[in-house]
Amino acid sequence: MAMTTASDPVLSQPPVSRAPAKRRGPGKTPRREGLAGYVFLSPWLLGLMGITAIPMLISLYLSFTSYDVFTPWSEVEWVGLENYREMFTTDPSFWASVVVTLKFALIAMPLKLAVALGVALLLNRERRGVGLFRGLFYLPSLLGGSVALALAWVAMFNREGAFNGFLRIFGIEGKPWVFDPDWSLETLMLLAIWQFGAPMVIFLAGLKQIPAELYEAAAVDGASRWRQFWHVTIPMLSPVIFFNLVLETIHGFQGFTSAFILSNGTGGPVDSTLMYTLNLYVKGFHDFEMGYASALAWVFLVAIGVVTVIFFSTGRFWVHYSDADER
Amino acid sequence: MTTLTEVPALPPAAPPVPVNRRRRDIPREIVRILVLIAILTVVLYPLVWMVGSSFKSQTEITSNLNAWPREFTPGNYKVGWTSLGTAFGWFFVNSIVLATLNVFGNAISCLLAAYAFARLRFRLRKVWFAIMIGTLLLPSHVLIIPQYVLFRTFGWVGSIAPLVVPHWLATDAFFVFLMVQFMRGIPRELDEAARIDGCGPYQVFLRIILPLSRPALVTTAIFSFIWTWNEFFRQLVYLGDESEWTVPVALRQFVDSTGQSNVGAMFAMSVLSLLPVFVFFLAFQRLLVEGINTSGIKG
């Protein structure tokens, strides 16, 4: 009986049922679809909780303890902000790794993007063979992150490597660059720059979107190629430059494999290749100072967050969106 | 696009200009191609040198600094294959098993999540979507310590479970994002037609979205394979015994072992380890390049 009254249009019309009726809107079976939504989303949700969110909280907790993997959970010692204090005041390897990482990200990544943009400009023609060039330039991006290439790279910049063979043509006697603290990080930077193919492909796609009329108009106005580049290409491409810059910088902060292989996991010579993530590895999985390493991880997360915020807040001033008026 | 129309109208004399430029461009074009070839030579040289060195004898590696060997010595491959306690082929099997599991894990779990985000309406959808986008920029290294602690309490350390399970739970947000973008391009009329014919959200997924998502699935599969193949940090942390090692973890041993004595073998195994990625590159070059264009995925 109750069911008939509920479905009776006259009785169920009053305010109570208005909200659900409105929410139903144009959709036909919202409840069923809502359930299906969560069914399809369930693996992702489980991953978000189990692989991302809960470990993040555990990590935050651990960062206030002196946890190593061997002590049972009940005996974990709470040390408050001690890990963070140690990091900023007494641990020299922390600051060494910050300097190395900043150098790597702030020098190698802009250079990589400059090379990527330069080659993209050279390739930006509707010609046969462009596809082949594009593919071959992209190849290092696929191979470069591997252990195999890091090994070859170290060999190449070692005493008997190809680079010194090249220098010998000019009568210069090289040295084992990878084991010279003044040059080891530079060789890793070159390895990163060598992988310019991925941002190059993104630049190429961006360049194709710039309407040819803009160049024609600029040429009619007497703008040289150089001025066209600065006043048409760069502003029109700025969203793509911005996208690549954010992605590559954040990617650059996380360099690990090549530094690990070059230094055999130590960050040497003399901490010159001690990338932040490598330091984290050494502290966590070599010294088993998991509490301290968790603090390192949280500082890293905050630092990347800050960098991202800086990018997005300064981006307003130089990134030009041509559809801005339509928004 | 509006800026386009705001550009001042051109005087009628405009058309000849491009023609003039094109004629002047011929020497410029030659310089351009020469510069490109020069850059390409520099870019490809390390790879050629690597392959060449893998065929050099031990004495030639230190004496001949040219890329190509004077005398071909395939023996490095034989030495490298057996230089560790376990035959190198076993590491290839481990890597292939791991990569295959991750290919299917990513393809299935990310497709399910993407369908929910792209097509279904449910409570908190926008919130979850924003969180998913947020995890795109989350550095994976931040989570490595607590994940290790967690997986250790499950007793998973020293097995491939920690390297596989996350990929079956759609934690590679890049692929979810790629598939959402792709599905937005599938006409909604198809879903609606299917619904009118009585299909629910599950049938729409199976009969419309799944078959039409093949290109996105292929892109995801290829990138999953290559990324797992190249991945090192996690494999280094979680794989213990030599019998579990994957190719990158095994290759790493060439740094430990007495150094100079094994350089030829090291080159040989490095070249072998890059071969599968190279084959993927040859087979799917166009698809890979388009894959990065649609989603900004890095190689």
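So, how was this worked out
Residues numbered from 1 in each chain as written. Chains lettered and ligands numbered in written order. Predicted model: local features only at pLDDT ≥ 70, side-chain atom pairs only at ≥ 80, totals over all residues. Helix = DSSP H or I, 4+ residues; strand = E, 2+ residues; numbered from the N terminus. Buried ≥ 20, exposed ≤ 12 C-beta atoms within 10 Å, placed from the backbone. Contact = placed C-beta atoms within 7 Å. Nonpolar A, V, L, I, M, F, W, Y, C, P; charged D, E, K, R; others polar. Axes fitted to C-alpha atoms, helices over the stretch in contact; angles between N-to-C directions. Parallel < 35°, antiparallel > 145°, perpendicular 65-115°, else oblique. Left-handed = near helix turned anticlockwise from the far one by under 90°. Core = buried A, V, L, I, M, F, W, Y, C linked by C-beta atoms within 7 Å. Domains from an automatic or database assignment.

Enquirer: I keep staring at the overall build of chain B and nothing clicks. Help me out?
Expert: Each helix and strand in chain B was counted, giving 15 helices and zero strands. In chain B, which comprises 299 residues, the share counted as buried stands at 42%.

Enquirer: Even after reading the chapter, I still don't get the interface of chain A and chain B, so can you show me in this structure?
Expert: A common way to express how large an interface is: the accessible area buried when the components associate. With 89 residues of chain A at the interface, the matching set in chain B holds 84 residues. It is helix α4 (residues 30-62) of chain A that contributes the most residues to the side of chain A that touches chain B, 22 residues altogether. Its residues placed into classes, the side of chain A that touches chain B shows 55 nonpolar, 23 polar and eleven charged.

Enquirer: Sorry if this is basic, but what is going on with unusual backbone geometry here?
Expert: Where the residue is not glycine, phi is negative for most of them; where a peptide bond is considered, it is trans in most cases. All names here are of chain A. Following Gly268, the chain continues into Pro269 via a peptide bond in cis, with omega recorded as -5°. Take Pro269: it is sitting in the loop between α14 (257-263) and α15 (276-286). Unusually for a residue other than glycine, Asp271 sits at a positive phi of about 60°. Looking at the element boundaries, Asp271 is found in the loop between α14 and α15.

Enquirer: Any chance you could explain the environment of Arg184(B) here in plain terms?
Expert: Inspection of the secondary structure puts Arg184(B) in helix α9 (residues 173-184). Sequence-wise, Arg184(B) and Ala283(B) are 99 residues apart; in three dimensions their C-alpha atoms are separated by 27 Å.

Enquirer: Please explain the packing of helix α5 (residues 88-119) of chain B against α9(B) as it appears in this structure.
Expert: All names here are of chain B. Direction vectors running N to C along α5 and α9 enclose 50°, while the axes themselves pass 8 Å from each other. The angle between the axes of α5 and α9 places the two elements in the oblique class. Seen from above, α5 lies across α9 with right-handed handedness. Residue-level inspection shows Asn106, Cys110, Leu111, Ala113, Ala114, Tyr115, Phe117, Ala118 and Arg119 of α5 in contact with α9, the latter providing Phe175, Val176, Met179, Val180, Met183 and Arg184. Tallied by class, the residues present in the contact of α5 with α9 amount to twelve nonpolar, one polar and two charged.

Enquirer: Is there a simple way to think about the environment of Asn66(B) in this case?
Expert: Residues and elements named next belong to chain B. Secondary-structure assignment places Asn66 in the loop between α3 (58-63) and α4 (75-82). Given 13 C-beta atoms within 10 Å, Asn66 falls into the partly exposed group. Separated by 122 residues in sequence, Asn66 and Arg188 place their C-alpha atoms 59 Å apart.

Enquirer: In this structure, what is going on with the packing of helix α6 (residues 92-123) of chain A against helix α10 (residues 184-194) of chain A? I would like to understand it.
Expert: Geometry of a packed helix pair, given as the angle between the helix axes and the separation of the axes. Residue and element names in this part refer to chain A. At their nearest, the axes of α6 and α10 sit 9 Å apart, and the two run at 35° to each other. The interaxial crossing formed by α6 with α10 has right-handed handedness. For the pair formed by α6 and α10, the contact residues are Val100, Lys103, Phe104, Ile107, Ala108, Leu111, Lys112 and Val115 on the first element and Leu185, Leu188, Met189, Ala192 and Ile193 on the second. Residue composition of the contact of α6 with α10, grouped by class: eleven nonpolar, no polar and two charged.

Enquirer: Would you mind going over the nonpolar core with me for this structure?
Expert: Core analysis: the largest hydrophobic core is formed by 157 residues, its most contacted members being Leu151(A), Ala113(B), Ala114(B), Tyr115(B), Val176(B) and Met179(B). Residue contributions to this core peak at 15 residues, all from α5(B). Residues from two domains meet in this core; each of domain 1 (14-77) and domain 2 (85-295) of chain B gives at least three. With near-sequence residues (within four places) excluded, Ala114(B) lies in contact with Val176(B), Met179(B), Val180(B) and Met183(B).

Without other data, these values stay purely geometric and don't point to any function.
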